Amino acid sequence: MSESSAYIRVTGKMLDNYRGQNVCLIGKLNKLAGDQMSFEMTTPDEQQILVKLRAPTREMLSDIVEVYGSVDEKGNIVCMNYTTFEPSMYQNLDMDLYNETIRMAHQLPKHYIKA
């Protein structure tokens, strides 16, 4: 994967540092807009993020969503793709541990692979 198409896994508080770049972000779904063109989510570091979709979603979103997209000038995510999970896949997800792992990956970048 080329460097320009890589998605950097970030926390909500890191988004301002990645404007115009591709990021991957996980969070808890708060609400889906009535037109189904966007949704709001809360990241593991308790940031409220607006995710803008390219087309209305036609599927039911799960409580936990992983988003791939670029950060716009307002710190929102312009979504290129997203993944939803069955409850059995996230019921034991420790959001605090996940958040700490992302922070460590940024502190020690030579030890982690970008995806």
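The coordinates are above.
Below is a short write-up of the structure. Remember, it's a predicted structure, so these values are computed and weren't measured experimentally.

### As for the environment of Asn17
Working step 1: Tracing the chain through its elements places Asn17 in the loop between strand S1 (8–9) and strand S2 (22–32).
Working step 2: Asn17 gets classed as exposed once you look at its relative accessible area, which sits at 59%.
Working step 3: Considering only alpha carbons, one finds Asn17 and Ile77, 60 residues apart in sequence, at a separation of 13 Å.

### Details of the side chain of Ser62
Working step 1: One can find Ser62 in the loop between strand S4 (48–52) and strand S5 (64–71).
Working step 2: According to the relative accessible area criterion, Ser62 is buried, its value standing at 12%.
Working step 3: In terms of polar contacts, Ser62 uses its side chain to reach the backbone carbonyl oxygen of Ile64, at 2.6 Å.
Working step 4: Here Ser62 is in contact with Leu29, Thr84, Phe85 and Tyr90, once residues within four sequence places are set aside.

Cut-offs applied
- Residues numbered from 1 in each chain as written.
- Predicted model: local features only at pLDDT ≥ 70, side-chain atom pairs only at ≥ 80, totals over all residues.
- Heavy atoms only, no water.
- Helix = DSSP H or I, 4+ residues; strand = E, 2+ residues; numbered from the N terminus.
- Buried < 20%, exposed > 50% of the residue type's maximum accessible area, 1.4 Å probe, protein only.
- Polar contact = N/O pair within 3.5 Å; in protein donor to acceptor, adjacent residues only side chain to side chain.
- Contact = heavy atoms within 4.5 Å.

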